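# Structural description and commentary
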Amino acid sequence: MPLEFTRYPEAEQLARSRRFLEEMGRRRTVRHFSSEPLPYELVENAVATAGTGPSGAHQQPWTFVVVADPEVKRRIREAAEEEERRSYESRMPNEWLEALRPLGTDWRKPHIEDAPYLIVVFEQAYGVRPDGTKVKHYYVRESVGIAVGLLLASLHRAGVATLVHTPSPMGFLREILGRPENERPYVLIPVGYPAQDCSVPDLERKSIDDILVRR
Ligand SMILES: Cc1cc2nc3c(=O)[nH]c(=O)nc-3n(C[C@H](O)[C@H](O)[C@H](O)COP(=O)(O)O)c2cc1C
């Protein structure tokens, strides 16, 4: 079928590109959420945007579980804190703890219950045909990572805060959410508005010269 493609005049291209860069430059990871509700459609649209992502062999190897039920959030928080407590207390090597120190994080994860929504992203390690046989999936991690980037951009653009959270190991998410065996937890994303007194670590991003190589 013919491609639908919008070609903008150069000045408009540059303006759009700069505006997007400036907007994305203001995205910050939020770790203190208010429980103020937000329109569900913002979450659904973000998931739909994630679903527009490219994927290896167009296999779309992702599932997004949106959790709003306080009891399910409570169980996820409890299990995440248990894993995180063990990680912070004995499983993480010193080097890892040092790397996390500037972020000021610890095993406590109240944001899992405070945020009005959790988006739990699963990668589908393989597909399953209706007759139960397996379909090999290609470039699963890469595909899901790109989709999550689009999801974060959509929520940020709508003025909603997010946290990419990886309470390792995350096997409990599959059990609590009753997901099938071919799905592995990828990340857990609390979504909502920042708490009134929310602060963030004073981080610097690498400059363009640090990350871009021209040849
Ligand atoms: C794959 C991945 C895993 C992360 N896991 C955690 C996490 O478990 N807990 C946490 O507080 N932040 C987590 N983060 C957030 C990062 O710490 C954060 O993106 C980084 O410090 C930069 O801050 P910024 O997002 O505000 O630019 C994770 C980010 C990514 C991309």
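The rules behind the values
Residues numbered from 1 in each chain as written. Predicted model: local features only at pLDDT ≥ 70, side-chain atom pairs only at ≥ 80, totals over all residues. Heavy atoms only, no water. Pairing = 2+ DSSP bridges. Helix = DSSP H or I, 4+ residues; strand = E, 2+ residues; numbered from the N terminus. Contact = heavy atoms within 4.5 Å. Axes fitted to C-alpha atoms, helices over the stretch in contact; angles between N-to-C directions. Near = heavy atom within 4 Å. Polar contact = N/O pair within 3.5 Å; in protein donor to acceptor, adjacent residues only side chain to side chain. Areas by Shrake-Rupley, 256 points an atom, 1.4 Å probe, with all protein chains shown as cover. Left-handed = near helix turned anticlockwise from the far one by under 90°. Nonpolar A, V, L, I, M, F, W, Y, C, P; charged D, E, K, R; others polar. Buried < 20%, exposed > 50% of the residue type's maximum accessible area, 1.4 Å probe, protein only. Core = buried A, V, L, I, M, F, W, Y, C linked by side-chain atoms within 4.5 Å.

## Quick notes on the sheet that holds strand β5 (residues 161-162)
Reading across the sheet, the four strands line up as β1-β2-β6-β5 and stay open at both edges, with antiparallel pairing between neighbours. Each edge of the open sheet carries a strand with a single partner, namely β1 (62-67) and β5. Across the sheet, helix α2 (residues 40-50) touches β1, β2 (117-124) and β6 (183-192), and the angle it forms with β1 is around 170°.

## Regarding the site of the ligand
All residues adjacent to the ligand are R27, R28, T29, R31, L103, T105, L163, V164, H165, T166, L203 and R205. T29 has a polar side-chain atom sitting 2.5 Å from an oxygen atom of the ligand. Burial of the ligand by the protein amounts to 65% of the accessible area it has alone, namely 620 Å².

## Some details on the packing of α2 against helix α6 (residues 140-157)
Where α2 contacts α6, the axes come no closer than 7 Å and their chain directions differ by 145°. The chirality of how α2 crosses α6 is right-handed. Here L42, V43, N45, A46, V47, T49 and A50 of α2 come into contact with α6, specifically with A147, L150, L151, S154 and L155. Tallied by class, residues from the contact of α2 with α6 come to nine nonpolar, three polar and no charged.

## Thoughts on the pairing of β6
Extensive coverage of β6 is indicated by the burial of nine of its 10 residues. Relative to β6, β2 is paired through eight bridges, and the arrangement is antiparallel. Of the residues in β6, the one forming a bridge with E123 is R184.

## Examining the nonpolar core
In this structure, F64, I119, V121, V148, L151, I189 and V191 are the most contacted members of the largest nonpolar core, which totals 22 residues. Going through the elements one at a time, α2, β1, β2, α6 and β6 are the ones with two or more residues in this core. Examining the composition of this core, we find that seven residues originate from one element, α6, more than from any other. In this view, I119 contacts V43, V47, F64, V65, V66, L151, L155, V187, L188, I189 and V191; residues no more than four positions away in its chain are not counted. Within the second largest apolar cluster, 15 residues are counted, among which are I76, I112, M170 and F172.

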